[in-house]
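Here is what each chain is made of, one letter per residue.
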Amino acid sequence: MDSLPLHVCHVHKLSILLNRAYLLVHSAALAFLIYYRVSFLFQVPNTRTAPVLPWLLVFASELLLSFIWLLGQAFRWRPVTRTVFPERIPEDDKLPAIDVFICTTDPDKEPTVVVMNTVLSAMALDYPPEKLHVYLSDDGGSPLTFHGIREAWRFARYWLPFCRRYGIKTGCPELYFSALADDIGFGSSEFMIQRQKTKERYEMMKDSITQARERCGQGHTRSNTARDHPSVVEVMQDESNYDTVPVLADKTKMPLLVYVSREKRPTHPHHFKAGALNVLQRVSSIISNSPYILVLDCDMYCNDPTSARKAMCFHLDPKVSNSLAFVQFPQRFHNISKNDIYDSQLRSVFSVQWEGLDGLQGPVLSDMDLEELKRSFGSSDEVIKSVRQIYKPNVINDQLSLQKVTQLPAASCSYETDTKWGKEVGFLYDSVVEDYSTGFRLHCKGWTSVYCDPSRPQFLGNGTTSLNDLLIQGTRWSTGLIDVCFSKFCPLIYGPPRNISILETMCYGELAFTPLYCLPLWCFATIPQLCLLNGIPLYPKVSNSFFVVYVFVFLSAISKHLYEVLLTGGSFRTMQNEQRVWMIKSVTCHLYGSLDSIMKKIGMRESSFMPTNKVDDDERAKLYQVGKFDFQTSNMFLLPMVALVILNTAAFVGGLVRVIFVGDWDKMFVQLFISLYVVFMNLPIIEGMIIRKDKGRIQPSVTQLSVIMSILFLFLGSIIISIVSY
């Protein structure tokens, strides 16, 4: 048994062959396209068929689009998948301890019941309870969240014995008691009785949290502002006046559950989620000091109790463990509709990019002396002691020691001053996408990672089911990525000198440059259309041999996208949805995220973090399930997308009329096609403007303002075109 591998890596040789062949052929076509564009610049000015300015804008957009595409091909260079054998890992007494970190900040956007379901699912992991420690960071210092974790601890006394006795895989009670559960249980009369009793206890927990929320709304409990409150660290323990015995008679051991609310003051930067995670690292290093950490979003339920054991298949393998920084599981979503109009499942990320990144590797770190430790980790003797123990477990169980823990400065807002926390230690603060920047810097230091995607989803979360949430989330991600892109940590600059492979550098670079899609897409959605209405050709004639090059590039990209979608279980409609969302995000949240990052760098605004709304909205969820866009979002997002659709519709109709009467379809075919393609891909926006009458439609005022914006653009653009033509 000892000689059997804990995991196996599968290299997809056929995919590698197809991907590399596609890279070669498509790159050759792009080279011909670039040659066509460059040759125009060497023509005699009097013989040029178009002004230089729009030609250069389109050429620059094609170059940027091609550059980002080329970076993205690194994900497809060597895709791999992995199979794990958790039954082969050592016995429970030889397993290392694990700390689970869960972060929440706003009970209005992250409902307390949802957060507590995540906590309970983490506590229900199939792992030795004495080696499992769950920490909840309440960054808002909310009394409602504090009440919720106490209620969750009480209910866990019923839930965990029930799950262990009957082998329940769905550790999230809300999901288990819903119609979505896939493991109802044995079906015996005893089981059904215990299941009903457990369900009643769960409903009692939910009712208690609901009532506490109502009291908070009426001002019957103390409240702290999210940016100004003291630190609170409390280890959940059994109460002496516990009302009844658990549902099951056995004395089930409970994992450690700790509530942490770090100190926050308006005068001190708190660094959002990364700051909260670093506080959890310090607090946990004093209480449990486990060698491994599992980080969960507050709505990311543990859907497979063996997920921790699956991760240990890599961490306990001596062939990879010395340089292994983390194991990445994909996040799946339990509320995704069949159509998934918002691409909430992130198919390309989890099924293509991460498998490709998993095929790229690298080597290791070293230890530090005491003085260096203090400069890095702070002056707390307890924190330094935990670091120097080299992750030796140090679980505190006695009440006196636990009381001392709550009085330590590790959770204070000033602890990180003059230390390396957030710079070189812990999760990094240079971007709101702390997972991206931290992972990149770890790889630059020689650490490696693996990607594990078992058939059963290991973690289930709430996918975005409204356009507003999608674009707010996308704006936040875009801001963080551009923060990295235009910093000294830009992957293309920071990576190569630090022994990170060129392919891995390209992968991180493609992610960092993704928000810059806004530039070419804004260009392709406006400049060809403006020139179409003014009779200026920007692309080769149909009779020109270079026309074939453009047709090939378009069909090649579309075919490859469709192939990947079908290979990962999608459909033609999936491809349509992904392209539509890519267009919408590029002209809205990618643009605003980039501008937000630039404004922060020049000091025009402060850093901000808006958590994604995780409150269920039945009306919006219904629209999502039937495949209708919910356009109840800010005009900041609506106006650009609606104006561009109106502009392309006008360009297509006007261009078609012009081609019929002038007869220059040979010159204008490509520009006509671009306008038609934009309109076709965004038919839901036209439906929202003209056909729909429900609350999710686009309001007439938005349509009218968008029409005015389109007319102004065409008027001013035509004037500029006429000026530069001379």
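Keep in mind that this is a model prediction, so the values were computed, not measured.

### Describing the sheet that holds strand E10 (residues 332-333)
Line of reasoning, step 1. Pairing is mixed in the open sheet, where 3 strands are placed in the order E8-E12-E10. The sheet is open, and its two borders are formed by strand E8 (301-302) and E10, each paired with just one other strand.

### Re the UniProt feature "active site" (unreviewed entry) in the protein
Line of reasoning, step 1. Within the UniProt annotation, "active site" (unreviewed entry) is assigned to Asp139 and Asp435.
Line of reasoning, step 2. In this view, aspartate 139 contacts Thr104, Thr105, Ala226, His229, Arg262, Lys264, Phe272 and Ala276; residues no more than four positions away in its chain are not counted.

### Side note on the packing of helix H20 (residues 572-587) against helix H21 (residues 589-601)
Geometrically, a packed helix pair is captured by the angle between its two axes and the distance between the axes.
Line of reasoning, step 1. As a packed pair, H20 and H21 sit with axes 3 Å apart at the nearest point and diverge in direction by 30°. Here H21 runs roughly parallel to H20, going by the angle between their axes. For the pair H20 and H21, the contacting residues are Lys585, Ser586 and Val587 in the first and Cys589, His590 and Leu591 in the second.
Line of reasoning, step 2. Here the residues of the contact of H20 with H21 sort into 3 nonpolar, 2 polar and 1 charged.

### So, the packing of aromatic side chains
Line of reasoning, step 1. Here the structure, examined in full by the defined rule, presents 35 aromatic pairs.
Line of reasoning, step 2. Ring geometry for phenylalanine 40 against tryptophan 55: centres 3.7 Å apart, planes inclined by 20°, an arrangement best described as stacked. Remark: tryptophan 55 occurs in helix H2 (residues 52-72) and phenylalanine 40 occurs in helix H1 (residues 13-41); sequence separation between them is 15 residues. Per residue, the accessibility class of phenylalanine 40 equals that of tryptophan 55, and both read buried.
Line of reasoning, step 3. In this structure an aromatic cluster arises from ring pairing among Phe155, Trp159, Phe162, Tyr166, Tyr176, Phe177, Phe191 and Tyr202.
Line of reasoning, step 4. The residue whose ring lies beneath arginine 20 is tryptophan 77, and the NZ or CZ to ring-centre distance is 3.9 Å.
Line of reasoning, step 5. If you follow arginine 37 out to its NZ or CZ, it ends over the ring of tyrosine 539, 5.0 Å from the centre.

### Section: the pattern of salt bridges
Line of reasoning, step 1. Per the stated rule, a full pass over the model turns up 24 salt bridges.
Line of reasoning, step 2. A salt bridge links arginine 265 to aspartate 228; its shortest N-O distance comes to 2.6 Å. With arginine 265 in the loop between strand E6 (256-261) and helix H7 (272-287) and aspartate 228 in the loop between helix H6 (189-217) and strand E5 (232-235), the pair connects residues that are 37 residues apart, well separated along the chain.
Line of reasoning, step 3. A relative accessible area of 33% places aspartate 228 in the partly exposed class.
Line of reasoning, step 4. Residue aspartate 694 is joined to arginine 692 by a salt bridge in which the shortest nitrogen-to-oxygen separation is 2.9 Å.
Line of reasoning, step 5. Relative accessible area serves as the criterion here: at 4%, arginine 692 is assigned to the buried category.
Line of reasoning, step 6. Within the structure, one salt-bridge network assembled from shared partners comprises Arg76, Lys560 and Glu564.

### Comments concerning the packing of H20 against helix H24 (residues 665-681)
Line of reasoning, step 1. Direction vectors running N to C along H20 and H24 enclose 105°, while the axes themselves pass 10 Å from each other. Taken as axis vectors, H20 and H24 run roughly perpendicular relative to one another. Taking contact as the criterion, the partners of Gln576, Gln579, Arg580 and Met583 in H20 are, on H24, Tyr677, Phe680 and Met681.
Line of reasoning, step 2. Looking at the contact of H20 with H24 residue by residue, the class counts come to 4 nonpolar, 2 polar and 1 charged.

### Some remarks on the sheet that holds strand E3 (residues 98-104)
Line of reasoning, step 1. Strands sit in the order E5-E6-E4-E3-E7 across an open sheet of 5 strands; the sheet is mixed. With partners counted over all chains shown, the strands left at the sheet margins are E5 and strand E7 (292-297), one partner each. Neighbour-to-neighbour, the strand axes of this sheet turn through a mean angle of 20°, independent of strand direction.
Line of reasoning, step 2. Sheet topology places E3 next to strand E4 (residues 132-138); 7 bridges connect them, and they run parallel. Along E4, the bridge assignment pairs isoleucine 102 with leucine 136.
Line of reasoning, step 3. With respect to the sheet, helix H3 (residues 112-123) is in contact with E3, E4, E6 and E7, its orientation differing from that of E4 by roughly 165°.

### Brief notes about the environment of asparagine 468
Line of reasoning, step 1. Relative to the helices and strands, asparagine 468 resides in helix H14 (residues 467-485).
Line of reasoning, step 2. Judged by relative accessible area, which is 16%, asparagine 468 ranks as buried.
Line of reasoning, step 3. The sequence separation of asparagine 468 and glutamine 632 amounts to 164 residues, and the corresponding C-alpha distance is 6.9 Å.
Line of reasoning, step 4. Beyond its immediate sequence surroundings of up to four residues, asparagine 468 is in contact with Arg620, Gln632, Thr633 and Ser634.

### As for the side chain of arginine 692
Line of reasoning, step 1. Among the structural elements, arginine 692 can be located in the loop between helix H25 (683-690) and helix H26 (700-724).
Line of reasoning, step 2. Engagement of the side chain of arginine 692 in a polar contact is seen with the backbone oxygen of phenylalanine 629, the distance being 2.6 Å.
Line of reasoning, step 3. Ignoring sequence-local partners within four residues, the contact set of arginine 692 consists of Leu623, Lys628, Phe629, Phe631, Glu687 and Arg697.

### Section: the pairing of E5
Line of reasoning, step 1. Of the two faces of E5, only one is covered, namely that formed by Val233 and Val235; the face formed by Val232 and Glu234 stays uncovered.
Line of reasoning, step 2. Taken together, the 4 bridges between E5 and E6 define a ladder with antiparallel strand orientation. Paired with valine 235 across the two strands is valine 258, which belongs to E6.

Parameters at a glance
Residues numbered from 1 in each chain as written. Predicted model: local features only at pLDDT ≥ 70, side-chain atom pairs only at ≥ 80, totals over all residues. Heavy atoms only, no water. Pairing = 2+ DSSP bridges. Helix = DSSP H or I, 4+ residues; strand = E, 2+ residues; numbered from the N terminus. UniProt positions renumbered as here; feature names shortened; annotations may be inferred. Contact = heavy atoms within 4.5 Å. Axes fitted to C-alpha atoms, helices over the stretch in contact; angles between N-to-C directions. Parallel < 35°, antiparallel > 145°, perpendicular 65-115°, else oblique. Nonpolar A, V, L, I, M, F, W, Y, C, P; charged D, E, K, R; others polar. Phe/Tyr/Trp six-rings, centres within 6.5 Å; stacked < 30°, edge-to-face > 60°. Buried < 20%, exposed > 50% of the residue type's maximum accessible area, 1.4 Å probe, protein only. Lys NZ or Arg CZ within 6 Å of the ring centre and 35° of its normal. Salt bridge = Lys/Arg side-chain N within 4 Å of Asp/Glu carboxyl O. Polar contact = N/O pair within 3.5 Å; in protein donor to acceptor, adjacent residues only side chain to side chain.

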